[in-house]
Amino acid sequence: MANDSSSGHYIDGEWVAGEGEETFESIDPATGESLGEYPIATPADVDHALAAADEASEKWRAMSYIDRAEVLWGVYHELRDRTDELGEIVTRECGKEISEGRADVVEAAHMVEWAAGNARHPHGDVVPSEIASKDASMRRKPRGVVGCITPWNFPVAIPFWHMAVTLVEGNTVVWKPAEQTPWCGEVVAEMLADAGVPDGVFNMVQGFGEAGGEIVDDPRVDTVLFTGSAEVGHEIASRVGGEPGKLAACEMGGKNAIVVTAEADLDIAVHSAVMSSFKTTGQRCVSSERLIVHTDVYDEFKRRFVDLAESVAVGDPLDEDTFMGPLVDESQVEKFGRYNDLASEEGANVLVDREELGDEELPDGADEGYWVGPFVYEIDYDPRSPKRVLQEEVFGPHVALVEYEGDIEEAVAIQNDSDYGLAGAVISEDYREINHYRDHAELGLAYANLPCIGAEVQLPFGGVKKSGNGYPSAREVIEAVTERTAFTVNNSKDIQMAQGLSADIKTEDD
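Each value, and the rule that gives it
- Residues numbered from 1 in each chain as written.
- Predicted model: local features only at pLDDT ≥ 70, side-chain atom pairs only at ≥ 80, totals over all residues.
- Heavy atoms only, no water.
- Axes fitted to C-alpha atoms, helices over the stretch in contact; angles between N-to-C directions.
- Helix = DSSP H or I, 4+ residues; strand = E, 2+ residues; numbered from the N terminus.
- Parallel < 35°, antiparallel > 145°, perpendicular 65-115°, else oblique.
- Left-handed = near helix turned anticlockwise from the far one by under 90°.
- Contact = heavy atoms within 4.5 Å.
- Nonpolar A, V, L, I, M, F, W, Y, C, P; charged D, E, K, R; others polar.
- Phe/Tyr/Trp six-rings, centres within 6.5 Å; stacked < 30°, edge-to-face > 60°.
- Buried < 20%, exposed > 50% of the residue type's maximum accessible area, 1.4 Å probe, protein only.
- Patch = residues over 30% accessible without salt bridge, like charges linked within 9 Å, V, L, I, M, F, W, Y side chains within 5 Å.
- Areas by Shrake-Rupley, 256 points an atom, 1.4 Å probe, with all protein chains shown as cover.
- Salt bridge = Lys/Arg side-chain N within 4 Å of Asp/Glu carboxyl O.
- Lys, Arg positive; Asp, Glu negative; His and termini not counted.
- Charge placed at Lys NZ, Arg CZ, Asp CG, Glu CD.
- Core = buried A, V, L, I, M, F, W, Y, C linked by side-chain atoms within 4.5 Å.
- Pairing = 2+ DSSP bridges.

## Considerations on the packing of helix H9 (residues 266-278) against helix H10 (residues 295-311)
Where H9 contacts H10, the axes come no closer than 10 Å and their chain directions differ by 45°. In this view, H9 runs oblique relative to H10, as classed from their interaxial angle. Where H9 crosses over H10, the handedness of that crossing is right-handed. In this structure, H9 contributes Leu266, Asp267, Ala269, Val270, Ala273, Val274, Ser277 and Phe278 to the contact, and H10 contributes Val297, Glu300, Phe301, Arg304, Phe305, Leu308 and Ala309. Grouping the amino acids of the contact of H9 with H10 by side-chain chemistry returns eleven nonpolar, one polar and three charged.

## Some points on the packing of aromatic side chains
Tallying each qualifying case throughout the model produces eleven aromatic pairs. With 6.0 Å between their ring centres and 40° between their planes, Phe24 and Tyr38 make a pair best called tilted. A residue pair is termed long-range when its members are at least 10 positions apart, and Phe24 in strand E3 (residues 23-27) and Tyr38 in strand E4 (residues 34-39) qualify at 14 residues. Each member of the pair, Phe24 together with Tyr38, is buried.

## So, a negative patch on the surface
A cluster of acidic side chains, namely Glu263, Asp296, Asp299, Asp380, Glu403, Glu405, Asp407, Glu409, Glu410 and Glu429, defines a negative patch on the protein surface. Going through the elements one at a time, H10 and helix H12 (408-416) are the ones with two or more residues in the negative patch. Within the secondary structure, Glu409 sits in helix H12. Here Glu409 falls in the partly exposed class, since its relative accessible area comes to 41%.

## Overview of the packing of helix H2 (residues 65-81) against helix H4 (residues 98-118)
When two helices pack together, their arrangement is given by the angle between the helix axes and the distance between those axes. Contact pair H2 / H4: the axes reach a minimum separation of 9 Å and the direction vectors enclose 160°. Overall, the two elements H2 and H4 adopt an arrangement that is roughly antiparallel. Between H2 and H4 the crossing geometry is left-handed. Contacts from Ala69, Leu72, Trp73, Val75, Tyr76, Leu79 and Arg80 of H2 reach H4 at Val105, Val106, Ala108, Ala109, His110, Val112, Glu113, Ala116 and Gly117. Residues that form the contact of H2 with H4 fall into these classes: twelve nonpolar, two polar and two charged.

## Let's talk about the environment of Arg80
Examined against the element boundaries, Arg80 turns out to sit in helix H2. Using a relative accessible area of 35% as the deciding quantity, one classes Arg80 as partly exposed. Expressed as a C-alpha distance, the spacing of Arg80 and Ala108, which sit 28 residues apart in the sequence, is 9.4 Å. If sequence neighbours within four positions are ignored, Arg80 has contacts with Val106, Ala109 and His110.

## What to know about the nonpolar core
Within the largest apolar cluster, 103 residues are counted, with the highest numbers of intra-cluster contacts made by Leu79, Phe202, Val260, Phe301 and Phe305. In contact with Phe305, other than residues within four places in its own chain, are Val270, Ala273, Val274, Ser277, Phe278, Leu291, Val376, Val399 and Leu401. Listed in part, the 25 residues of the second largest apolar core include Ile11, Ala53, Ile236 and Val240.

## Topic: the side chain of Thr91
In this structure, Thr91 sits in helix H3 (residues 83-94). Look at Thr91 and you get buried, because its relative accessible area is 0%. Other than its neighbours up to four places away in sequence, Thr91 contacts Lys96, Glu97, Ile98, Gly101, Pro317 and Leu318.

## Some thoughts on the side chain of Ser272
For Ser272, the location among the structural elements is in helix H9. Residue classification places Ser272 among the buried residues on the basis of a relative accessible area of 4%. Leaving out residues up to four positions away in the same chain, Ser272 has contacts with Ile258, Ile427, Asn449, Leu450 and Pro451.

## Quick word on the sheet that holds strand E18 (residues 423-427)
Pairing is mixed across the open sheet formed by seven strands, whose spatial order is E14-E15-E16-E13-E12-E18-E19. Either end of the sheet is taken by a strand with one partner, and the two such strands are strand E14 (349-353) and strand E19 (445-448). Averaged over all adjacent pairs, the angle separating strand axes in this sheet is 20°, with direction ignored. Pairing of strand E15 (residues 375-378) with strand E16 (residues 398-404), which is carried by four bridges, proceeds in the parallel orientation. Residue Tyr377 lies in a different strand from E16, and its bridge partner there is Ala400. Running at roughly 170° to strand E12 (residues 256-260), H9 makes contact with E12, strand E13 (288-294), E15, E16 and E18 of the sheet. Running over the sheet, helix H13 (residues 431-440) touches E12, E18 and E19 and is turned about 165° from E18.

## Re a nonpolar patch on the surface
Where nonpolar side chains cluster on the molecular surface, the patch consists of Ile495, Met497 and Leu501 and spans about 300 Å² of accessible area. When you line up the elements, Leu501 lands in the segment after strand E21 (482-490). With a relative accessible area of 54%, Leu501 lands in the exposed category.

## Regarding the pattern of salt bridges
Enumeration according to the criterion identifies 26 salt bridges in this entry. Residue Arg82 pairs with Glu85 through a salt bridge whose shortest N-O separation is 2.9 Å. On the basis of relative accessibility, which here comes to 18%, the residue Arg82 falls in the buried class. For Glu85, a relative accessible area of 36% corresponds to the partly exposed category. Connected via shared salt-bridge partners are Asp47, Asp218 and Arg220.

Below, the structure is given as C-alpha cells:
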C-alpha cells in the first residue's frame, strides 16, 4: 500500500503542483520504504494559499453557523466511512500500531462532530447590567485567516482539533501538515474538498519548517495554531508576540509523570504506567517518562513494571497483536540512544535495555525500519543536583523510576520539579491524596487512577509552564480563533451610567 501519485498542494479549490521543483518522500518507519513523493511548498505557494484564504474570508464568515457546520458534517461522514482505510495510512506513515491508527481517525470524527453539533447550541452570553433599562450581551466574531501547523504523531486527529472549530466559527485556514505524514495530509484535504468546502476557505501546503515560517510571519494571518515541540512552539510564540493583534496558541511537549502512592492499587498502577509510557512507542506529548513511586510499594511495582517492559510486544504495527511499533524516523532513534547513554552517565541503574532489538523480535522486511524497545532505569532524585534525564523530554519509550518517601506533598513536589506542565496522573485509593494532587499538581491535564494519555475532545487540551500558552483543541480553541464583543443596548430615552457616574452635562450657565 503506497500513494503512487501525489495530488500536490490544495489551494483555492484546486490541486496544484506548486511553483517549485523540489520534492520529499514519505517513509514507512517500519520498513524504511518510500510511500510517496510530495512537492515542497515555496514562498510563492504559501503566498498563493494565504491570498486565497484572505479573499474567501468575507463570504465564508457571512454564512450562518448552521450552513458552515453542514459542510463539516460531510467531513464527519467521510471520516466514519473511511476509518479503516485512513487508520492504515496513519499506521503506515507514523508507525503507531493499527488500533491507534484507527483511534486517530475516530478522534478526528469526534472533534468534527463536536464542532459541527455545537453550531446549533446557544452562543454568547446574556449579562445583567447595573441599569435596569440596559441589555448587555457578549458575542463572538471570527478572527479571519488562521494558520495551522500540526505534528506527525496524530496526523488526522490534531489537524481537526485545530480546524473543525476554526472553520465552523467562520475563519478560513491555511494548513501545513507535518513533513513525516504528507499522505495523511493529502487525504484530509481530499475529504474537506469532497465535502464542499468553498474555494479558498481551506488550503493545504506540503513541506518543511520554512513553509510553516512563512505562514507564521505573514501579516494576513490573524491566529497561528501550533502543536509540536517546545523549541519550535516557543519560537512561534515569540515571533507572533511582537505583532499587535496577532495570536499564537501553542501546545507543546511535557516531561510527564505518574505518581504511585502507598495507597495505590498496583494492578491499576502498573497498567496505567505501561499504557502511558509505551503506547505510540512513547511518542505522545502526554507520554510518561517519569514514574514516581512510594517506597512502601516500590519493589513490587518495579518488579511488575519491569516484567512487562521486558515482554511488551514490539512488532509490525499493522498486526493486531502488536503493542509498540517503530519510532518515526532515524533522528528519533538517535535521540533515544543519546538519552539512554546520558541516563547511565548520570548514575542510573538500568533495569531494561531493549534499545537494540534482536533479529527475532523484528517483523519480516523490517531491517531498514526505526526499531527500538523500552529502556527503563531507576535513578535518585536530588533537587540540589538536577539530572537532565529527569528534566528533558525524550519522546520515546525511555522511562525513569524514582523512589520517594513521605506523603503526597513530597511526590507532587518531585513531579512539579520540571519546566514542563502538560499531563500527569496519581494512582491512589485515598481520596485525600487524589484531591491534593488535583489542587497542587502543575498540569493542564491531570488524571486519577488512569493513564495520563487518552484525552477526549470535549475537554480542554493543553499545558502550563513550558508546555504551552494556549489550548488548540475543542473546548478552548474558540478563544484563539474568535474575538469577543461586549454589546450593550440602552432601552430608555434617558442615559444612565453604571458605577453611579453622572450622566448630567453641565455648562457654565448651570
